[in-house]
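Below, each chain spelled out in residue letters.
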Amino acid sequence: MKRVIMSINANPPSSSNPSPGHSANATSASPSLWRARSYRLWFAADTTDVLAVSLRAFVIPLLALQLSGSEFIAGIIVALESAIGLLLLPFGGTLADRHDRGRMMILLGVIGTGLSAIAMALLASRVMNTPMFALCIALFAIMNGLLGPSNDAMLKSIVPMDRFAKAQAIRETRESCVELSSGIIGGFLYTVSAWCPFLVSTILYGIAGVTAGQLSLGHAANEAAKTDSPADAESSASDASVMSEAPIANETIMTSNQHAATHSPNVSFLTHLVEGWRWALTKRVFLSAIMLGAMVNIACVASITGAQIMLAARGTSAVMIGLLGTAMGVSTLVGSLLANKLVDMVPTGKLIAGALALFVVSQVPLLFVQSYAAILICQILAGLPFPALNAGLLGFLYGKTPDNMQGRASAVFETTVGILGAACPAMVGWLLQQPYLGFTAVMAVAVACAVTGLVVSLAGPLRSIPTPERWSEVSL
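Residues numbered from 1 in each chain as written. Predicted model: local features only at pLDDT ≥ 70, side-chain atom pairs only at ≥ 80, totals over all residues. Heavy atoms only, no water.

### Some details on the overall build of the chain
Going by this rule: Secondary structure elements follow DSSP: runs of H or I of four or more residues count as helices, runs of E of two or more count as strands, with numbering from the N terminus. Here a residue-residue contact requires only that any non-hydrogen atoms of the pair lie within 4.5 Å. Calculation of accessible area relied on Shrake-Rupley with a 1.4 Å probe; when residues are assessed, cover is drawn exclusively from the protein chains displayed.
Each helix and strand counted, the chain has 18 helices and zero strands in total. When contacts within the chain are restricted to residue pairs at least 6 apart in sequence, those whose partners lie at least 24 apart make up 87%. Working note: accessible area of the chain is about 18100 Å², and carbon and sulfur atoms make up 68% of it.

Structure follows, in structure tokens:
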């Protein structure tokens, strides 16, 4: 799933009730995150990585269908990428909590550049076939599963807690812009030549690696903190913090290198892995969010992947298929602007339920009408509620998660939410090939899962989550 759960511009704690470690003045002063060089570098590295992944995700079903000639095999290849990535996410999250996240981001850029260049060369030389393409996609999935969590975990390492919601809001608005552009860009590049998207991916991963390298170098000044006295270490970390250029809050920010140093080498990798799962699966709200996210994820994958493969099989041009993603990106961008206003006024639990109700309504018409125009309109409507859903769910979950658990908590959530959705493209491809089932059956699955997600939001602990200014009063 694309990040189905967005974040928000939450209100900071009031001066009358400041959070621990924050003074009233620190809370009220909120300089722009963009003044911090390390945040800008992280944002650039993460954005180029996300754009490369989005381009690849768009062309995978189209290339798989072109090479194999089978909707079912195309669905299998899409499912292969999702399944491998999700199964490796827990290990990647544990790596991100144990090792230098900046160096992992560099490695992600380097390997992504190499794999993209290889795929481009194979396609350009016309020697790519279905098994080779499946192998390339599997290698990309392994890379994302093991190294991808470093990007997510790094954000919490460089941004103070009182500014984390704002950073997430900026990130999710960025996601909307990527969604807005990647579909039409991917469709145009694919129309020019099948290898063009991988050429652009090579460039994007290269940029991600370079900016991640600059970000990692920026943390080098904090290495001395490892050997300083506790008081000096705290001062050194604060002075050399990512936010030192723009003192957003009077708190010590754990850098990537310092974060890695907090883990004792005597604690095994397996112990940390199990610790992350135990922590996440013993949180009542976290469990409800997993159930809701899993249902919504299946609905999204079925609807979007089903529409892509069905239209491609009908002979619809790649540009027109890409336009669907662009249209959904526009509506998501509009939805993110609305969500940033609604989230401060509407209790988060009610906002989540309302967003899911609108999503259900947007999917029902496709049970009866399956023209390109109907799919376009329904995807536009589906894009509107996701920023509010994301604002409430991811903002609350990750804002409440401790820094030393960010990588593992994110991996547990994404793995458990996405594991059923990973098999969904294979099911979608099979249903589309059945003469008496087809896209109607695909949408029946999508609607049923969306309704189930709505029931979870109304019947479980998620419905009682208050507005962001009161999140500190609620536990996971």
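That shown, we press on.
### Things to note about helix α17 (residues 406-433)
Worth spelling out the cut-off: One less than the number of residues in a helix, times 1.5 Å, gives the span that helix is expected to have. Two axes enter the bend calculation: one fitted to the seven residues ending at the residue in question, the other to the seven starting there, and the bend is the angle between them. Each residue is assigned to one of three classes by its accessible area relative to the maximum for its type, calculated with a 1.4 Å probe on protein chains only: buried under 20%, partly exposed between the two thresholds, exposed over 50%.
The end-to-end C-alpha separation of α17 is 41 Å, in line with the 40 Å expected for 28 residues at 1.5 Å each. By the largest-angle criterion, Gly418 marks the main kink of α17, which is about 45°. Within α17, 21 of the 28 residues are buried, which leaves it mostly tucked inside the rest of the structure.

### With respect to the packing of aromatic side chains
Using the following cut-off: Between rings of Phe, Tyr and Trp, where Trp is taken as its six-membered ring, a pair exists when centres lie within 6.5 Å; planes separated by under 30 degrees are stacked, by over 60 edge-to-face, and by other angles tilted.
What the rule picks out here adds up to seven aromatic pairs. Centre to centre, the rings of Trp279 and Phe286 are 6.0 Å apart; their planes meet at 75°, and the pair counts as edge-to-face. Grouping residues by exposure puts Trp279 and Phe286 together as buried. Taken together through their ring pairs, the aromatic side chains of Tyr39, Trp42 and Phe43 make up a single cluster.

### Quick word on helix α5 (residues 130-147)
Applicable threshold: Within 3.5 Å is the distance limit for a polar contact, defined as a pair of N or O atoms, with the added protein rule that one can donate a hydrogen and the other accept it, and that residues adjacent in sequence qualify only through two side-chain atoms.
Taking 1.5 Å of rise per residue, 18 residues should cover 26 Å, and α5 covers 26 Å from first to last C-alpha, within 8% of that figure. Among all positions of α5, only Thr130, Phe133, Ala134, Cys136, Ile137, Ala138, Phe140, Ala141, Met143, Gly145 and Leu147 are buried. Where α5 begins, one side-chain oxygen reaches toward the backbone nitrogen of Met132, 2.9 Å away; that side chain belongs to Asn129.

### Some words on unusual backbone geometry
Backbone geometry places Arg126, a non-glycine residue, at a positive phi of 65°. As for its position among the elements, Arg126 is in the loop between α4 (101-124) and α5.

### Considerations on the confidence of the model for the chain
How we decide: The quantity known as pLDDT measures the predictor's confidence residue by residue, on a range of 0 to 100.
When the pLDDT values of the chain are averaged, the result is 77; 80% of them are 70 or greater. Looking over the chain, one finds the lowest element-wise mean pLDDT in helix α1 (residues 24-28), namely 40, and the highest in helix α18 (residues 438-459), namely 93. Segment residues 229-258: pLDDT under 50, and 84 contacts once partners within four positions in sequence are set aside and those in other chains are kept.

### Here's the deal with the packing of helix α14 (residues 348-363) against helix α16 (residues 386-399)
For any two helices packed against each other, the geometry is given by the interaxial angle and the distance between the axes. Just so we agree on the cut-off: To get an axis, fit a line to the C-alpha atoms, keeping to the stretch in contact for a helix; angles then go from 0 to 180 degrees between the N-to-C directions. The cut-offs work like this: below 35 degrees is roughly parallel, past 145 is roughly antiparallel, 65 to 115 is roughly perpendicular, and the gaps in between are oblique. It is the rotation of the near helix from the far one that decides the hand of a crossing: anticlockwise by less than a right angle makes it left-handed, clockwise makes it right-handed. Amino acid classes used here: Ala, Val, Leu, Ile, Met, Phe, Trp, Tyr, Cys and Pro are nonpolar; Asp, Glu, Lys and Arg are charged; the rest, including Gly, are polar.
Two numbers describe how α14 lies on α16: the axes approach to 8 Å, and their chain directions differ by 150°. Taken as axis vectors, α14 and α16 run roughly antiparallel relative to one another. Note on packing geometry: the crossing formed by α14 with α16 is left-handed. Of the residues in α16, those in contact with Thr348, Leu351, Ile352, Ala355, Leu356 and Phe359 of α14 are Phe386, Ala388, Leu389, Gly392 and Leu393. A breakdown of the residues in the contact of α14 with α16 according to their chemical character gives nine nonpolar, two polar and no charged.

### Some details on a nonpolar patch on the surface
Quick reminder of the rule: A patch consists of residues exposed above 30% relative accessible area that lack any salt bridge, with like charges linked at up to 9 Å and nonpolar side chains (Val, Leu, Ile, Met, Phe, Trp, Tyr) linked at up to 5 Å. Salt bridge criterion: a side-chain nitrogen from Lys or Arg within 4 Å of a carboxyl oxygen from Asp or Glu.
A contiguous nonpolar patch, built from Phe72, Ile73, Ile76, Trp430 and Leu437 and spanning about 410 Å² of accessible area, is present on the exposed surface. Within the secondary structure layout, Phe72 lies in helix α3 (residues 71-98). A relative accessible area of 31% places Phe72 in the partly exposed class.

### Quick notes on the side chain of Ser303
Looking at the element boundaries, Ser303 is found in helix α12 (residues 284-314). Filtering out sequence-adjacent residues up to four positions away, Ser303 remains in contact with Gln363, Leu366, Gln379, Phe439, Met443 and Ala446.

### Overview of the pattern of salt bridges
For the structure on display, the rule yields two salt bridges. Across the salt bridge formed by Glu81 and Arg56, the nearest N and O atoms sit 3.5 Å from each other. Placement of Glu81 in helix α3 and of Arg56 in helix α2 (residues 37-68) is noted, with a sequence separation of 25 residues between them. The partner of Arg103 in a salt bridge is Asp100, with the nearest N and O atoms 3.5 Å apart. The buried category is assigned to Asp100, whose relative accessible area is 9%.

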